[in-house]
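Structure assessment
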Amino acid sequence: MSNKEAAAASNFIRQVIDEDLRNGRNDGRVATRFPPEPNGYLHLGHAKSICLNFGIARDYGGTCNLRFDDTNPEKENVDFVEAIKQDVRWLGFDWTDLFFASDYFDRLYGFAEDLIRAGKAYVCDLDAEQMREYRGTLTEAGRDSPYRERSVEENLDLFRRMRAGEFGNGERVLRAKIDMASPNINLRDPTLYRIRRGAVHHQTGEAWPIYPMYDYTHTISDALEGITHSLCTLEFEDHRPLYNWFLDNLDVPAQPRQYEFGRLNLEYTVLSKRKLTELVAEGHVQGWDDPRMPTIAGIRRRGFPPAAVRDFCERIGVTKSDGMVEMALLENSVREELDASAPRAMAVLDPLRVVIDDYPEGRVESVTAANHPKDEGMGSRGIPFTRELYIDRGDFMEVPPNSKFKRLVLGGEVRLRNAYVIRCDRVVRNETGDIVELRCSHDSATLGANPEGRKVKGVIHWVSASHGVPAEVRLYDRLFNIPNPGAAKDRDWRADLNPESLVTVQAVLEPSLAEAPVGSRFQFEREGYFCVDNVDSAPGRPVFNRTITLRDTWAKLAARG
RNA sequence: UGGGCCGUCGCCAAGCGGUAAGGCACCGGGUUUUGAUCCCGGCAUUCGCAGGUUCGAAUCCUGCCGGCCCAGCCA
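This write-up is about the structure you can find in this document. (Residues numbered from 1 in each chain as written. Chains lettered and ligands numbered in written order. Predicted model: local features only at pLDDT ≥ 70, side-chain atom pairs only at ≥ 80, totals over all residues. Heavy atoms only, no water.)

**A look at the overall build of chain A**
If you tally the helices and strands in chain A, you get 14 helices and 27 strands. In terms of overall dimensions, chain A is more spread out than a globule: its C-alpha atoms have a radius of gyration of 31 Å, far above the 24 Å expected for 561 residues. Its C-alpha atoms give chain A principal-axis dimensions of about 100 × 55 × 45 Å. For chain A, buried positions account for 53% of its 561 residues. Considering only contacts in chain A between residues 6 or more positions apart, those separated by 24 or more positions represent 71%. Carbon and sulfur atoms form 46% of the exposed surface of chain A, whose accessible area is close to 25000 Å². Computed over 75 positive and 88 negative side-chain charges, the separation of the two mean positions in chain A equals 3 Å. (Helix = DSSP H or I, 4+ residues; strand = E, 2+ residues; numbered from the N terminus. Rg over C-alpha atoms; globule rule 2.2 N^0.38 Å. Buried < 20%, exposed > 50% of the residue type's maximum accessible area, 1.4 Å probe, protein only. Contact = heavy atoms within 4.5 Å. Areas by Shrake-Rupley, 256 points an atom, 1.4 Å probe, with all protein chains shown as cover. Lys, Arg positive; Asp, Glu negative; His and termini not counted. Charge placed at Lys NZ, Arg CZ, Asp CG, Glu CD.)

Take a look at the structure:
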């Protein structure tokens, strides 16, 4: 990581840590953890949490564990586990220790018996619906379960039989005995264990017929790992009293503190695992790694550099307010990183044939092009220049729309990037009147030199027609047409998917691009940043994904009218 | 409606009783063989609103208003 990233912006959590350090809490230790459930792929929201947790460990010389919160076997699997590990590493982080909450199942069970012995937990026979009725509502207190006052002996016996697999799913649960009248619903005797007989857990197989719930598991896992600062998102604020209840009532080896921050909301996309799962399951995208997805796998395939994602997370900050970040902020981070790191190349996305009539047929000249305008260290390359070329259709207009237009027009001149100034002498059309070819002439004195006595204000890119390499290029755009899909309660969030989020074109690449390695990123000059797709490319036959366009003030001006 | 939390520029966000950082976006202007990059300049007399405390309030107090979260044997 660069020095620029070294100084992370402060935030309220770092202030808490600074204060704790000043007061000598935790013997000066700082220990965090990133606790994903392996039931889906990581997305940009997780990236924020990863940067926060691992970033704090890095900056304070502390530790950060990766811990899979795997207490719901029916929704989790090892593929997600592996994908998550890969995504964390790709973001540039490495964990101190790797754990599974399931590593603690034995100890978790033991703590549950402790709670029972202390009269602080009981086995409840109410079914799910009854339990809901007994729970009360947001404004009315709940009622005690009729099973609440069972003896310790009976509770212990019943719980052991739950563990032994004697009861069916849903027949009984273990609950904490707290307060059915609490205004905080999480404290109304929350479920600690439920029966999931027959489920095959990806780590523990069929060893357990009962599984612990999130709040219980998470708190104890944090304590067992000696986590000092347990960071989670705002929706768990109400759970903090329960988190602390476990710490107060269990003989755990540490007293972690929980702090909550606002989750990331990004315009023109969705960041909920449920919705992302549906996009994949319903075929709206081609998979978790579809380049339109805000998943880590998706943006990786799209070509976002990990440093750009880290920079973005740094810029959005960490607070308790629940905001909506503009896509422009992410795009800025991506462009900034790519501008500095991506070698330049030329590719024509919408080819229009150009014939330079006064350039010798069969002649192939190698013109030299810098790989980066500001970084000579990136070297240069030769590009074949020939009589017949392709330019982009959008770079020619028979009559200019206004005086600001500085591309090629009939009778006008333009600079071919890295090559000659040409003039368009004639337009060739087919039977239906479409322009199929431009006949041009060139000024042989303008290779690496400005023309004498006149100014040529436009520069366009090109590729040799005889040497260019045809390739599939995928132009990606925002996934949704509106900034906040799902915000309107009476409209299905899927209704605002952008049907043009993927447009595939057949482009012509300069020859040097043919052997570009999978994953490599380039700036196609005047177009945008592109990377070699890591799934569909074949040796010598790259497929390019457009990561993002270049900023385009001309398009902005044109749209303005 | 009970509880928890949040309101500082279009967006994100500093600010922690001494008189509104920064980034993004936007608007000019300059450089440029990418309408990119880069550079220079502009962009909150005011901090949700109303009172109060104070020599002094975005910061403290009170009351409103607006937004988010919670009634899984999900996490």
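There is more to say, and it comes next.
**A few points about the packing of helix α2 (residues 12-22) against helix α3 (residues 44-59)**
Where α2 meets α3, the closest approach of the two axes is 12 Å, and the angle between their N-to-C directions is 35 degrees. With respect to the hand of their crossing, α2 and α3 are arranged in right-handed fashion. Along its contact with α2, which presents Ile13, Arg14 and Ile17, the element α3 presents Leu52, Gly55, Ile56 and Asp59. Counted by class, the contact of α2 with α3 contains four nonpolar, one polar and two charged residues. (Axes fitted to C-alpha atoms, helices over the stretch in contact; angles between N-to-C directions. Left-handed = near helix turned anticlockwise from the far one by under 90°. Nonpolar A, V, L, I, M, F, W, Y, C, P; charged D, E, K, R; others polar.)

**Some remarks on the pattern of salt bridges**
Tallied over the full model, the rule gives 54 salt bridges. In this structure, Arg353 engages Glu388 in a salt bridge whose closest nitrogen and oxygen atoms are separated by 2.2 Å. Pair noted here: Arg353 is in strand β12 (residues 351-356) and Glu388 is in strand β15 (residues 388-392), with a separation of 35 residues, a long-range link. Exposure remark for Arg353: the relative accessible area of 27% places this residue in the partly exposed category. With relative accessibility at 30%, the residue Glu388 sits in the partly exposed group. Linking Asp443 and Arg454 is a salt bridge whose minimum nitrogen-to-oxygen distance equals 2.8 Å. Separated by eleven residues along the polypeptide, Asp443 in strand β20 (residues 435-443) and Arg454 in the loop between β20 and β21 (459-460) bring together distant segments of the chain. Residues joined by salt bridges that share partners form a network here, namely Asp289, Arg301, Glu472, Arg474, Asp533 and Asp536. (Salt bridge = Lys/Arg side-chain N within 4 Å of Asp/Glu carboxyl O.)

**Let's talk about the sheet that holds strand β1 (residues 31-34)**
The strand order across the open sheet built from three strands is β1-β2-β3, with neighbouring strands paired in parallel fashion. Because the sheet does not close on itself, it has two edges, and the strands there are β1 and β3 (98-100). The sheet shows a mean angle of 35 degrees between the axes of neighbouring strands, taken without regard to direction. Across four bridges, β1 lies against strand β2 (residues 63-68) in parallel orientation. Counterpart to Ala31 in the pairing with β2 is Thr63. (Pairing = 2+ DSSP bridges.)

**Section: the packing of aromatic side chains**
Scanning the entire structure with this criterion turns up 24 aromatic pairs. Centroid distance Phe159 to Tyr193: 5.3 Å. Interplanar angle 70 degrees. Geometry classified as edge-to-face. Here the residue Phe159 occupies a position in helix α7 (residues 152-163), and Tyr193 occupies one in strand β6 (residues 191-195), the gap between them amounting to 34 residues. Each of the two residues, Phe159 as well as Tyr193, counts as buried. Aromatic side chains Tyr359 and Phe385 sit 5.1 Å apart centroid to centroid with 80 degrees between the ring planes, which places their arrangement in the edge-to-face category. In this pair, Tyr359 sits in the loop between β12 and β13 (365-370) while Phe385 sits in strand β14 (residues 380-385), placing the two residues 26 residues apart along the sequence. Among the residues examined, Tyr359 registers a relative accessible area of 2% and is labelled buried. The rings of Phe105, Tyr109, Phe159, Tyr193, Trp208, Tyr211, Tyr216, Trp245 and Phe246 are connected pair by pair, giving a single aromatic cluster. Positioned over the ring face of Phe167 is Arg172, at 4.0 Å from the centre of the ring. Note that Arg478 overlies the ring of Tyr268, its terminal NZ or CZ placed 3.7 Å from the centroid. (Phe/Tyr/Trp six-rings, centres within 6.5 Å; stacked < 30°, edge-to-face > 60°. Lys NZ or Arg CZ within 6 Å of the ring centre and 35° of its normal.)

**Remarks on the pairing of strand β27 (residues 544-549)**
In terms of residue burial, β27 counts as a mostly covered element, since five of its six residues are buried. With two bridges connecting them, strand β23 (residues 469-476) and β27 associate as parallel partners. The residue of β27 that forms the bridge with Val473 is Phe544. Relative to β27, strand β26 (residues 528-532) runs antiparallel, the two sharing five bridges.

**Digging into the nonpolar core**
With 39 residues, the main nonpolar core has Val88 and Val309 as its most contacted residues. Residue assignment for this core shows that the elements contributing at least two residues are α3, β2, α4 (78-90), α11 (296-302), α12 (306-316) and α13 (327-341). Ranked by residues supplied to this core, first place goes to α3 with six residues. (Core = buried A, V, L, I, M, F, W, Y, C linked by side-chain atoms within 4.5 Å.)

**As for the protein's contact with RNA strand B**
Neighbouring RNA strand B are 69 residues, the closest being Arg344, Lys374, Arg417, Arg551 and Arg560. By atom count, sugar and phosphate contribute 66% of the portion of RNA strand B lying within 4 Å of the protein. The separation between a sugar or linking oxygen of RNA strand B and a polar side-chain atom of Asp339 is 2.9 Å. Lys404 places a polar main-chain atom, nitrogen or oxygen, 3.0 Å from a base nitrogen of RNA strand B. Of all elements in the fold, only α6 (128-135), β6, α12, α13 and α14 (553-560) reach the threshold of two or more residues within the surface near RNA strand B. (Near = heavy atom within 4 Å. Polar contact = N/O pair within 3.5 Å; in protein donor to acceptor, adjacent residues only side chain to side chain.)

**Here we look at empty space enclosed by the protein**
Summed over all chains, the structure comprises one cavity of 30 Å³ or more. Here the largest cavity defines a volume of roughly 40 Å³. Along its surface, the largest cavity is lined by Tyr214, Asp215, His218, Thr219, Phe236, His239, Tyr243 and Gln258. Considering every element that reaches the lining of the largest cavity, the biggest residue donor is helix α8 (residues 214-224), with four residues. Each residue belonging to the lining of the largest cavity can be placed in one class, and the counts come to three nonpolar, four polar and one charged. (1 Å grid on protein atoms, 1.4 Å probe; cavity = no way out; pocket = protein on both sides within 12 Å on 5 of 7 lines; lining within 4 Å. Points joined across faces, edges and corners; volume = space filled by probe spheres on them.)

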